[in-house]
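Analysis of the macromolecular model
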Amino acid sequence: DAGVIQSPRHEVTEMGQEVTLRCKPISGHNSLFWYRQTMMRGLELLIYFNNNVPIDDSGMPEDRFSAKMPNASFSTLKIQPSEPRDSAVYFCASRDRGYNEQFFGPGTRLTVL
Amino acid sequence: KQEVTQIPAALSVPEGENLVLNCSFTDSAIYNLQWFRQDPGKGLTSLLLIQSSQREQTSGRLNASLDKSSGRSTLYIAASQPGDSATYLCAVSTGNQFYFGTGTSLTVIP
């Protein structure tokens, strides 16, 4: 398996623009997580899907953030409109049934100018 | 809310030394604890997962222990190598929620 795949790896955009980050979880995994990592706050869980259904989105910072998982092999995290304080590395992770290990993707480094 | 602390924040050791990284958490009602490694500019690589019913897990030169009642876990690295240099993070799971420590930055000097 190729592991968790994220795209793009780097994104530079201007304030106010819409940003869409993409994630393909490991095949067969039924849980998907979106995280944000910054120097100031470390790793924060934004939202968690189980069987394509959002279970907990309490970590989503504002209404500008939204996430979808239309099927078991694809998820998106959208920021609209983006702001400079959204600059961070966004990670996607997946986990199989049984609450076992999480496996992380390589991350998307987002810079909002 | 669960709080996860890792001490020390940074550690520098000569090659070959055995070392211990610490992770503490405030709420003992956890499902499992996972140790990760993160290289600069990279994602997180899973090292070891300890279920709440277990006391330790081993993989090669790594050994992780868990004392749920005292809210502590340690990661023991034997015979450290320069390639072990990275940031090590622990994460506590309560099932649906995950809480990460801020990590220990390890440098192994050749």
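Residues numbered from 1 in each chain as written. Chains lettered and ligands numbered in written order. Predicted model: local features only at pLDDT ≥ 70, side-chain atom pairs only at ≥ 80, totals over all residues. Heavy atoms only, no water.

Right, let's get into the pairing of strand E4 (residues 31-38) of chain A. As a general feature of sheets, a regular strand has side chains that alternate between the two faces. All names here are of chain A. E4 sits mainly inside the fold: 7 of its 8 residues count as buried. Of the strand pairs in this sheet, E4 and strand E5 (residues 42-50) are connected by 8 bridges, and their pairing is antiparallel. Paired with Thr38 across the bridge in E5 is Gly42. The loop that links E4 with its antiparallel partner E5 comprises 3 residues. Pairing of E4 with strand E9 (residues 88-95), which is carried by 7 bridges, proceeds in the antiparallel orientation. Note that in E9 the partner of Trp34 across the bridge is Cys92. (Buried < 20%, exposed > 50% of the residue type's maximum accessible area, 1.4 Å probe, protein only. Helix = DSSP H or I, 4+ residues; strand = E, 2+ residues; numbered from the N terminus. Pairing = 2+ DSSP bridges.)

So, about the side chain of Arg95(A). Residue and element names in this part refer to chain A. Among the secondary structure elements, Arg95 is positioned in strand E9. Buried within the structure, Arg95 lacks any salt-bridge partner; Asp96 is the closest side chain of opposite charge, at an N-O distance of 6.0 Å. At 3.3 Å, the side chain of Arg95 and the side chain of Tyr48 are in polar contact. (Lys, Arg positive; Asp, Glu negative; His and termini not counted. Salt bridge = Lys/Arg side-chain N within 4 Å of Asp/Glu carboxyl O. Polar contact = N/O pair within 3.5 Å; in protein donor to acceptor, adjacent residues only side chain to side chain.)

On to the interface of chain B and chain A, then. Where the parts come together, the accessible area they lose is often given as the size of the interface. Contacts between the two partners involve 18 residues from chain B and, on the opposite side, 19 residues from chain A. With both chains or domains summed, chain B and chain A bury close to 1,600 Å², and 53% of this area falls on carbon and sulfur atoms. Three residues stand out in chain B for area buried against chain A, namely Asn96(B), Phe98(B) and Phe100(B), and they jointly supply 32% of the buried area on that side. Counting every contact that joins chain B to chain A gives 0 salt bridges. Joining chain B to chain A, the criterion identifies 4 residue pairs in polar contact (both at pLDDT 80 or more). (Contact = heavy atoms within 4.5 Å. Buried area = accessible area lost by both parts, 1.4 Å probe.)

Turning our eyes to something else, we now look at the side chain of Ser82(A). Examined against the element boundaries, Ser82(A) turns out to sit in the loop between strand E8 (74-79) and E9. Excluding residues that lie within four positions of it along the chain, Ser82(A) makes contacts with Thr13(A), Glu14(A), Met15(A), Gly16(A), Gln17(A), Val19(A), Arg64(A) and Val112(A).

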